Number of protein chains: 4
Amino acid sequence: MNRFGHYFRIALWGESHGPRIGIVIDGVPAGIALAAEDFAADLARRRSGPTGTTPRREPDVPQLVAGIYRGRTTGAPIAIEFANTDTRPQDYAATEGHDRPSHADRTAYRKFGGYNDPRGGGHLSGRLTAGLAAAGVVAKKVLPAEIAFETRLVEIGGCTEPDRFDDLLRDAAARNDSVGGIVECRVEGIPAGWGEPFFDSAESVIAHLLFSIPGIKGVEFGSGFAGAHLHGSENNDPIVDADGHTATNHAGGIDGGITNGSELVVRAAFKPTASIGRTQITFNRATGRMEPLATTGRHDVCIALRGAVVVEAAIAIALADLREP
Amino acid sequence: MNRFGHYFRIALWGESHGPRIGIVIDGVPAGIALAAEDFAADLARRRSGPTGTTPRREPDVPQLVAGIYRGRTTGAPIAIEFANTDTRPQDYAATEGHDRPSHADRTAYRKFGGYNDPRGGGHLSGRLTAGLAAAGVVAKKVLPAEIAFETRLVEIGGCTEPDRFDDLLRDAAARNDSVGGIVECRVEGIPAGWGEPFFDSAESVIAHLLFSIPGIKGVEFGSGFAGAHLHGSENNDPIVDADGHTATNHAGGIDGGITNGSELVVRAAFKPTASIGRTQITFNRATGRMEPLATTGRHDVCIALRGAVVVEAAIAIALADLREP
Amino acid sequence: MNRFGHYFRIALWGESHGPRIGIVIDGVPAGIALAAEDFAADLARRRSGPTGTTPRREPDVPQLVAGIYRGRTTGAPIAIEFANTDTRPQDYAATEGHDRPSHADRTAYRKFGGYNDPRGGGHLSGRLTAGLAAAGVVAKKVLPAEIAFETRLVEIGGCTEPDRFDDLLRDAAARNDSVGGIVECRVEGIPAGWGEPFFDSAESVIAHLLFSIPGIKGVEFGSGFAGAHLHGSENNDPIVDADGHTATNHAGGIDGGITNGSELVVRAAFKPTASIGRTQITFNRATGRMEPLATTGRHDVCIALRGAVVVEAAIAIALADLREP
Amino acid sequence: MNRFGHYFRIALWGESHGPRIGIVIDGVPAGIALAAEDFAADLARRRSGPTGTTPRREPDVPQLVAGIYRGRTTGAPIAIEFANTDTRPQDYAATEGHDRPSHADRTAYRKFGGYNDPRGGGHLSGRLTAGLAAAGVVAKKVLPAEIAFETRLVEIGGCTEPDRFDDLLRDAAARNDSVGGIVECRVEGIPAGWGEPFFDSAESVIAHLLFSIPGIKGVEFGSGFAGAHLHGSENNDPIVDADGHTATNHAGGIDGGITNGSELVVRAAFKPTASIGRTQITFNRATGRMEPLATTGRHDVCIALRGAVVVEAAIAIALADLREP
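Predicted model only: the values in this text are computed from it and were never measured.

Engineer: What's the story with the overall build of chain A in this structure? I'm lost.
Structural biologist: Within chain A one finds nine helices and 15 strands. On C-alpha atoms alone, chain A measures out to a radius of gyration of 21 Å, which is about the 20 Å that the 2.2 N^0.38 rule sets for 325 residues. In terms of principal-axis extent, the alpha carbons of chain A reach across some 65 × 55 × 40 Å. Going through the 325 residues of chain A one by one, you find that 66% of them count as buried. A fraction of 73% describes how many contacts in chain A between residues 6 or more apart in sequence connect residues 24 or more apart. In the form shown here, chain A has an accessible surface area of approximately 10,100 Å², with 50% of it arising from carbon and sulfur atoms. Counting 33 positive and 40 negative side-chain charges, chain A places the averaged centre of each group 9 Å from the other.

Engineer: I would appreciate a short explanation of the packing of aromatic side chains in the present structure.
Structural biologist: What describes a pair of aromatic rings is the distance from one ring centre to the other and the angle between the planes of the rings. Following the criterion strictly, the structure yields 16 aromatic pairs over all chains and no others. For the ring pair Phe 199 of chain A and Phe 4 of chain B, a centre distance of 6.1 Å and an interplane angle of 65° mean the geometry is edge-to-face. With Phe 199 of chain A in the loop between β9 (181-188) and α6 (202-210) and Phe 4 of chain B in strand β1 (residues 3-4), the pair connects residues from two separate chains. Across the pair, Phe 4 of chain B and Phe 199 of chain A agree in class, each one buried. Look at Phe 211 of chain A and Phe 221 of chain B: their rings are 5.1 Å apart centre to centre, the planes differ by 85°, and that puts the pair in the edge-to-face class. Remark: Phe 221 of chain B occurs in strand β10 (residues 216-221) and Phe 211 of chain A occurs in the loop between α6 and β10 (216-221); the pair is interchain, linking two chains. The exposure class assigned to Phe 211 of chain A is buried, which follows from its relative accessible area of 2%. Through a chain of ring-to-ring contacts, three or more aromatic side chains come together here, namely Phe 4 of chain A together with Phe 198 and Phe 199 of chain B. Geometry around Tyr 109 of chain C places Arg 285 of chain C over its ring, the cationic atom sitting 3.4 Å from the centre.

Engineer: I tried to follow unusual backbone geometry on my own but got confused; where do I start?
Structural biologist: Leaving glycine aside, a negative phi is the common case for residues, and trans is the common case for peptide bonds. Here the bond from Phe 198 of chain A into Phe 199 of chain A is cis, since omega is -10°, no more than 30 degrees from zero. One non-glycine residue with positive phi stands out, namely Ser 102 of chain D, at about 60°. Within the secondary structure, Ser 102 of chain D sits in the loop between α2 (90-93) and α3 (104-111).

Engineer: Would you take a moment to explain the relation of the copies chain D and chain C for this structure?
Structural biologist: Taken together, a rotation about one axis and a shift along it account for how the two chain copies relate. Each copy superposes on the other: chain D lies on chain C with an RMSD of 0.0 Å after a rotation of 180° and an axial shift of 0.0 Å. Here the transformation between the copies is reduced to the relation of a two-fold axis. A symmetric contact is evident, with 99% of the interface residues of chain D recurring at the interface of chain C.

Engineer: What am I meant to see in the layout of surface pockets here?
Structural biologist: Take a probe with the size of a water molecule and roll it over the atoms, and the empty space left behind shows itself. Size it by volume and the second largest pocket reaches roughly 1,400 Å³. In terms of lining residues, the second largest pocket is bounded by 43 residues, among which Tyr 7 and Pro 325 of chain A together with Tyr 7, Arg 323 and Pro 325 of chain C are the most central. Listing elements by their share of the lining of the second largest pocket, those giving two or more residues are α9 (303-322) of chain A together with α9 (303-322) of chain C. Taken together, the residues of the lining of the second largest pocket break down into 19 nonpolar, eight polar and 16 charged.

Engineer: Just checking my understanding: could you explain the nonpolar core for this structure?
Structural biologist: Membership of the largest hydrophobic core comes to 148 residues, with the highest contact counts inside it found for Ile 315 of chain A together with Ile 315 of chain B. Ile 315 of chain A has contacts with Phe 149, Cys 185, Val 187, Ile 206, Leu 210, Leu 264 and Val 266 of chain A, leaving out every residue within four places of it along the chain. Ile 80 and Val 187 of chain C together with Val 28 and Leu 153 of chain D belong to the second largest nonpolar core, which has 146 residues in total.

Engineer: Could you clarify how one ought to interpret the sheet that holds strand β10 (residues 216-221) of chain C in this entry?
Structural biologist: Backbone hydrogen bonds hold the strands of a sheet together, and the pairing may be parallel or antiparallel. With antiparallel pairing, the eight strands of this open sheet are ordered in space as β8(C)-β9(C)-β13(C)-β10(C)-β10(D)-β13(D)-β9(D)-β8(D). At either margin of the open sheet sits one strand with a lone partner, and together these are β8 (148-156) of chain C together with β8 (148-156) of chain D. Between one strand and the next, the sheet's axes are offset by a mean angle of 20°, whatever the strand orientation. The sheet strands contacting helix α6 (residues 202-210) of chain D are β10 of chain C together with β10 (216-221) and β13 (264-270) of chain D, and the helix crosses β10 of chain D at an angle near 160°.

Engineer: I'm lost on the interface of chain D and chain C in this one. Help?
Structural biologist: Accessible area lost upon the coming together of the parts serves often as the stated size of an interface. Chain D puts 103 residues into the contact, and the matching count from chain C is 103 residues. With both sides pooled, the region where chain D packs onto chain C buries about 8,000 Å², and carbon together with sulfur makes up 59% of that total. Taken together, the connections running from chain D to chain C amount to six salt bridges. As a salt-bridge pair, Lys 111 of chain C and Glu 324 of chain D come within 2.8 Å of each other at their nearest N and O atoms.

Engineer: Can you walk me through the interface of chain A and chain C in this structure?
Structural biologist: Of the residues lining the interface, four residues belong to chain A; the matching set on chain C comes to four residues. Roughly 290 Å² of surface becomes buried between chain A and chain C when both sides are summed, with 44% attributable to carbon and sulfur atoms. A per-residue breakdown of the area chain A buries against chain C is headed by Tyr 7, Arg 9 and Pro 325 of chain A, which together make up 76% of the total. Inspection of the region where chain A meets chain C yields zero salt bridges. Remark: the boundary between chain A and chain C carries zero residue pairs in polar contact (both at pLDDT 80 or more).

Engineer: Explanation requested: the pairing of strand β9 (residues 181-188) of chain D in the structure shown.
Structural biologist: Both faces of the sheet carry side chains from a regular strand, because those side chains alternate between them. All names here are of chain D. Of all eight residues making up β9, six are buried, and the element is well covered by its neighbours. In the sheet, β8 pairs with β9 via eight bridges, with the strands oriented antiparallel. When the sheet's bridge partners are listed, Phe 149 is paired in β9 with Val 187. Strand direction decides the pairing type here: β9 and β13, joined by seven bridges, are antiparallel.

Engineer: Help me out: how do you make sense of the state of the cysteines in this one?
Structural biologist: In protein structure, a disulfide is the covalent linkage between the sulfur atoms of two cysteines. Applying the stated rule across the entire model yields zero disulfides over all chains. Free of any disulfide, Cys 185 of chain A has its nearest cysteine sulfur in Cys 302 of chain A, 17 Å distant. Counting only cysteine sulfurs, Cys 159 of chain C is the nearest neighbor of Cys 302 of chain C, a cysteine outside any disulfide, at a range of 11 Å. Residue Cys 302 of chain C is classed as buried on the basis of its relative accessible area of 0%.

Engineer: Mind showing me how you'd approach the environment of Gly 97 of chain C here?
Structural biologist: Note on placement: Gly 97 of chain C falls in the loop between α2 (90-93) and α3 (104-111). With residues up to four places along the chain from it excluded, the contact list for Gly 97 of chain C reads Asn 284, Arg 285 and Ala 286 of chain C.

Engineer: How should the side chain of Arg 9 of chain C be read in this particular structure?
Structural biologist: Mapped onto the fold, Arg 9 of chain C is located in strand β2 (residues 9-13). With relative accessibility at 5%, the residue Arg 9 of chain C sits in the buried group. Side-chain polar atoms of Arg 9 of chain C contact the backbone oxygen of His 6 of chain C, separated by 2.9 Å. At a separation of 3.4 Å, a polar atom in the side chain of Arg 9 of chain C contacts the main-chain carbonyl oxygen of Tyr 7 of chain C. Apart from residues no more than four positions distant in its own chain, Arg 9 of chain C is found in contact with Tyr 7 of chain A, Met 1 and Arg 3 of chain B together with Phe 4, Val 24, Ile 25, Asp 26 and Gly 27 of chain C.

Engineer: Teacher, can you tell me more about the relation of the copies chain A and chain C here?
Structural biologist: Turning chain A through 180° and shifting it by 0.0 Å along the axis lays it on chain C, with an RMSD of 0.0 Å. Both copies share a contact surface, since 100% of the interface residues of chain A are interface residues in chain C too.

Engineer: Honestly, α3 of chain C in this entry has me stumped. Any pointers?
Structural biologist: Because each turn of an α-helix spans 3.6 residues, side chains separated by three or four positions in sequence point in the same direction. Where burial is concerned, most of α3 of chain C is hidden: six out of the eight residues are buried. Gly 113 of chain C occupies a position one or two residues after α3 of chain C and carries a positive phi of about 60°.

Each value, and the rule that gives it
- Residues numbered from 1 in each chain as written.
- Chains lettered and ligands numbered in written order.
- Predicted model: local features only at pLDDT ≥ 70, side-chain atom pairs only at ≥ 80, totals over all residues.
- Heavy atoms only, no water.
- Helix = DSSP H or I, 4+ residues; strand = E, 2+ residues; numbered from the N terminus.
- Rg over C-alpha atoms; globule rule 2.2 N^0.38 Å.
- Buried < 20%, exposed > 50% of the residue type's maximum accessible area, 1.4 Å probe, protein only.
- Contact = heavy atoms within 4.5 Å.
- Areas by Shrake-Rupley, 256 points an atom, 1.4 Å probe, with all protein chains shown as cover.
- Lys, Arg positive; Asp, Glu negative; His and termini not counted.
- Charge placed at Lys NZ, Arg CZ, Asp CG, Glu CD.
- Phe/Tyr/Trp six-rings, centres within 6.5 Å; stacked < 30°, edge-to-face > 60°.
- Lys NZ or Arg CZ within 6 Å of the ring centre and 35° of its normal.
- Least-squares fit on C-alpha atoms with pLDDT ≥ 70 in both.
- 1 Å grid on protein atoms, 1.4 Å probe; cavity = no way out; pocket = protein on both sides within 12 Å on 5 of 7 lines; lining within 4 Å.
- Points joined across faces, edges and corners; volume = space filled by probe spheres on them.
- Nonpolar A, V, L, I, M, F, W, Y, C, P; charged D, E, K, R; others polar.
- Core = buried A, V, L, I, M, F, W, Y, C linked by side-chain atoms within 4.5 Å.
- Pairing = 2+ DSSP bridges.
- Axes fitted to C-alpha atoms, helices over the stretch in contact; angles between N-to-C directions.
- Buried area = accessible area lost by both parts, 1.4 Å probe.
- Salt bridge = Lys/Arg side-chain N within 4 Å of Asp/Glu carboxyl O.
- Polar contact = N/O pair within 3.5 Å; in protein donor to acceptor, adjacent residues only side chain to side chain.
- Disulfide = S-S within 2.5 Å.

Written out as structure tokens, the structure reads:
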């Protein structure tokens, strides 16, 4: 099930340390202008470099290998690929069998009977989200022009003050540790009427895709978990005009699974990166003993940093699939 | 998209005030013993009666109209129906056009161009979840026998002390108000290896179905949103043996989208019931003016009460779809 | 997999001798006028009565139990059911285990480990096609008004002269035998551009549904098998104007999997009814011996007779699923 | 809808004259040995060279770019690509707008509003079937080892004598014409019980995929169209033992949509290649006039020649999707 979507359809493939990864996007209308440059801004947001991101450097130049002709989409499937250039599979050789706690190493091993590619997580790697980011760019082109995304990292390690984030990240890095974070995405301009009562509610489709992003363990809309503390008289959003505008937006833009025309508000909780340099005592399949593990390989201190644009991409893809023609 | 599932497949239909509602379940192996009595316990948990639930009384006797022969599943689609007996559509006649804030009234009206059945929410009614509860019973029969569910209402209106819940409910009811709540479901016995890296992670499939339950606005697994406050060294679950058991369970039973053999821990946040008797000033489509609305009809003070078994059913259905044969 | 369709979606359930059968139709736009009377004409074409059809009499009055409000579709799933009134399950008791040759009796028994409902074929019965005929009626309402169907039985038992059909049927009936036939459906008014290159070509989607109708063993479009005898210079259809009209129509309205605006021409071959009164020597599972079997129960001499409207319905459903919005 | 399959899932992309084409295969169990050499035999059967095939020469060396690790499938999606090396897009420049009769040129132009890649048919090219042939190789590895395929070209231009085929092909080529043909595939060793009553009958799934192969206009199983001429007493296959073996095989291995354990027998009718060098008078979109067209580009005289292995691949893929685990 490497595929998602009924109308805007994607299929994702590749491994962290294989020759390249790719995404195939189907259901894109013909005639949309699309060039490699269109991907630059979003891919730059996902690229490593800033404090707290991995030292692995991938240029992430998308290759548009199918579905584009004379600079426009043809209506045929669009295939986009990214070469893996800065791979260091040897980083993983020493620890093969010594599964990283809270990582897919062990579950992938179990699921695939040991045949999975373990190098850098193989297919279960954040590397694959480059494809999602690219599909997000295409999705945004498919969506009505008035739809605008604003995505922010609103919390790192429980701290909600962005000017203190860098200190927290440096501190965690200094201790060879990692830290979690929360990303909030707000989307203006979504028409009312998108989403199905059962089972493709707008929340269902968005959450489905978000929960496939490595590291996300919680998703909420509007007042979300906090809304469960309230009374109806506090949480309800009174309607104020014939267009359905509301005085408040506790619903986060969705009522009954269907967009209501207000701003979409989604928050996604990223757990701290599972791969940490700090020593952990954990079971070693290779030796059959509990042993100290200090993860090698190159990892983000906080995956929410580079994950923000992936959250936005996932929401764009979900909206492109939900949109009413 | 009234359908869900790739292997354990459901299709849901019906309206709150139509003659009956139903669910069709496909993908159930032949030869499973199944009788109307098997549904009694779970349907009783969903039935109204206790403090804070609607005065509408539906006996909810499931009719097994297809797919069962001589007391066992045949391998053909199973059709289960529930008669709607205690309908009072006249409750909704007076307020037609005066959309309830934070309710599907308005979004359904917009989506379906005013052709939707507005009586009691029509197809967008909590009534439909009787079908989900029934499908959950079938799903549990399909799952390995060692899988056991424990579902609790862990929070009402921000209060986490169950012995104070009744007071809160009575208090909200006395003020013609409603209140939100959080349901936690724990599932023991799920084998390691269920779920796909992309895009049918165990979290994705479970959250997809949960977010189609009316009123759910947040879903988290394991440490969830709280985990985003932690460091990796705090949130990671060290592995302690060859079977992959872990010292802690911050992951809630899922690593990399794949079940890890530990207990599944899911929490769902229900918003307070949107329909409240308390007067709200909100726009009336029929008159074109802001006007006071006191919702008639019969409603739960806290949908999380009767929603708990529906959460459990949704998780069972999702697991039945995720299971590896 | 009792479901079909991406946009116009159906789910079929029921058994020949259960209380009722039904079909759930999703993806139908809101606001379409739909009443029980709309089904009368097509269901009459499927009803038994004429020479060569079964003596089982089912009134086939469709019950519209969901998805209709004030005489119009609501956008919610439409549920249509048919009561089974004239059942005689005792007809099948004597021969249980003595599988009818070329019938689903044996394959269903194998597939479902003996748990299938064997009465009248259970779920694998032509009875289920009442649901398809009903869905076909809804599909035609969804299609553009200019689309017109003409469906004829063009061949019975190798004979292509309709005025000799009754003699052939009476002759076969007199010998307790059955006979095969070929149905041709022509559809005018389909816009150019429906169907996908891979893998939902117009032929693929139509053939998929046709080959699920009990008894169909061959499907061809346009010149079909006869076209394989020709040269390109004979089989090609020269284009004659800017609208793409063609001088001939060997393609049967589809080029490259995409409708070309010409008349759709489909032919479906029905095998002779497998259930015949005439004695056949065949293996009896119950006794473990080869034994003579004279099928009891009530059957059509030629299923193509009542199958014609089902072919038309299947094509209408497929077109409703293929249509570009 | 460039994807097919529920369990063995494929997604196809690329254009005849783009840099490369590819197929992504998902749902393949982990641990299957798979190397580039495994594809050689089937790809050789699809390669041009023999009498009647195109002079375009593609080495068709498959690149296994994902889903394989240490020579075995990993359980992750398998991505296979083929470089397009011998392209001559200039062949198509002169005739752009002068649509080839009975070709996808015109329907693709209509469907995609003129944005389609027209070079060599773009995405709607027989070139794409290299991906299908490759997926067929993988499908055969997934199927039980006892399943064996035998595929033959049984008819060219109405002639059923294979030793006369070369003459027919040479004759057609000499006249710059093309010719149709019929391919028959027989598959031994399929267990009884594969396929669903509705709507994924074995015939439905196989025919769905076959009708997506460019040029196929008819599909039949067992006695097929000829069976429609017969009586039930002639066409029925008496069962002869407890395993369900039958004295005859008019059913072609499928009863009631479910495999019965007998040999699967499928025939597919290929129309004559639409692209012929012989002059045809047909409408020119570019000039708005009827004009003579002599197709340039390089084409097969009879697509059934190279299509035989593609038919076999499609059936293997369909069986891999139908198989019961």
